[in-house]
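Here are the chains, one letter per residue:
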Amino acid sequence: MPPPPPPLGRARKRAAHAFDAALDDAELAAARSALAQGRWQTARSLLARTGDDWDRRGHRVTVLAQEPFCVAWTRDWLLAEPDSVDAAVLLALAEVRRALRGKQRPVRAREACHTAAALAPADPTPWLGLLMLESALGAEGEVRRLFDEVRARCADHHHAHHLMVARLAEHRVGAGPDPLHEVYDFANEAAERAPADSPLAILPVIAHAERYRVLAAAGHEPRDAAASAHWTGRRARQVMRAAFDWWLEWEQEGHPRRLIDLNFLAHAKVCEGRGAEAAALFHRIGQHATPSPWAYPDRDPYPAFRAARDTALGMA
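In this text, all values refer to a predicted model and were calculated from it rather than measured experimentally.

Reading the values: the criteria
- Residues numbered from 1 in each chain as written.
- Predicted model: local features only at pLDDT ≥ 70, side-chain atom pairs only at ≥ 80, totals over all residues.
- Heavy atoms only, no water.
- Helix = DSSP H or I, 4+ residues; strand = E, 2+ residues; numbered from the N terminus.
- Buried < 20%, exposed > 50% of the residue type's maximum accessible area, 1.4 Å probe, protein only.
- Salt bridge = Lys/Arg side-chain N within 4 Å of Asp/Glu carboxyl O.
- Disulfide = S-S within 2.5 Å.
- Domains from an automatic or database assignment.
- Buried area = accessible area lost by both parts, 1.4 Å probe.
- Nonpolar A, V, L, I, M, F, W, Y, C, P; charged D, E, K, R; others polar.

Participant: How would you explain unusual backbone geometry if you had to name every residue and give the values?
Facilitator: Residue Ser 292 is joined to Pro 293 through a cis peptide bond whose omega torsion reads 10°. By the element assignment, Pro 293 lies in helix α16 (residues 291-294). Cis rather than trans, the peptide bond between Tyr 296 and Pro 297 has omega equal to -5°. The topology assignment puts Pro 297 in the loop between α16 and α17 (301-312). Positive phi is not limited to glycine here, since Leu 23 has a value of about 60°. Even without glycine at this site, Arg 172 takes up a positive phi of about 50°. The partly exposed category is assigned to Arg 172, whose relative accessible area is 41%.

Participant: Account for the pattern of salt bridges, with residues named and values stated.
Facilitator: Inspection of every chain in the model, using the stated rule, returns 27 salt bridges. Of the charged contacts in the structure, one is a salt bridge between Arg 144 and Glu 182, with a shortest N-O distance of 3.5 Å. Here Glu 182 lies in helix α11 (residues 182-193) and Arg 144 lies in helix α9 (residues 140-153), a separation of 38 residues in the sequence. Using a relative accessible area of 36% as the deciding quantity, one classes Arg 144 as partly exposed.

Participant: So what about the state of the cysteines? Which residues, and what values?
Facilitator: According to the stated counting rule, one finds zero disulfides in the structure shown. Lacking any disulfide linkage, Cys 70 is separated from the closest cysteine sulfur, that of Cys 113, by 12 Å. Cys 70 gets classed as buried once you look at its relative accessible area, which sits at 0%. Cysteine Cys 154 shares no disulfide, and the gap to the nearest cysteine sulfur, in Cys 113, comes to 17 Å.

Participant: Lay out the environment of Glu 277 in plain terms, naming residues and giving numbers.
Facilitator: Tracing the sequence through the fold places Glu 277 in helix α15 (residues 275-285). Taking the C-alpha atoms as reference, Glu 277 lies 8.1 Å from Phe 244; in sequence the two are 33 residues apart.

Participant: Residue-level account of the domain arrangement of the chain, with values.
Facilitator: When cut into domains, the chain gives domain 1 (19-154) and domain 2 (157-315). The straight-line distance from the C-alpha centre of domain 1 to that of domain 2 is 26 Å. When domain 1 packs against domain 2, close to 2,200 Å² is buried across both sides, 63% of that on carbon and sulfur atoms. In this assembly, domain 1 and domain 2 are joined by three salt bridges. A salt bridge links Arg 167 to Glu 140; the shortest N-O distance between them is 3.3 Å. Contributions of two or more residues to the side of domain 1 that touches domain 2 are made by α4 (54-65), α8 (125-137) and α9. Across the side of domain 1 that touches domain 2, the residue classes break down as twelve nonpolar, four polar and seven charged.

The following block contains the structure:
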């Protein structure tokens, strides 16, 4: 028997100060709530409608996979529809989630991802699951191979590029601040290669934040991001200005993970001391804060977001 749904009272009380991985995707939030109650049919319909919009599919599957009882309910789905590709992909990402939390053996998650990949050879999502797993647990060569597998199916996959930037930023920690670090080259090349309307244009900002995370944790930069010269050097100013100017002209407001980019860009503007530009971004973000990068390097992210937003908007 699958487990019962979780109690509602305390979860609702915590929700006011929780980060919602669904961001502004109301359909996804509804499907996740239904899945928590064992009604997997709503998730089934959602993924069927998503089709081959790979960034949106990856976002929706990874969020659904975070639901604590996703594995149990998705297995019920597979019992009802043994040939369901969507169910196999969702189960694979849910097994990855459990493995990353130490509640499942990684080998089982890998097997589930390979099974899903065989059923859906054009879908980058099972490979995204493997990339998530190996980015945390695997060797460098395997991480790069899996990134290539994702890119072979979706060249500008947003989540995969973020995972690679976070992993590359951890290279050569002992070298300290280095404007020529490989993570910057990777991010710049990806941004230049992507279509003009791709949110990968902001990837250099992501690289800058991820490298700060690593440097601050190692003691090479102040733990107070606003006090770090990492955000005010010549290279940093160029990256932040280019990203902000691009955002002002960007018309693709429907990208499923755009709010993650806007949180990174707002954080960068706060650290840079550009309050007016940060305020414009906070207006667009609204209540859709994300844990990264407000947690960098070891902060409580929600109070950090609230303090930065209130200061930028003159509410402090």
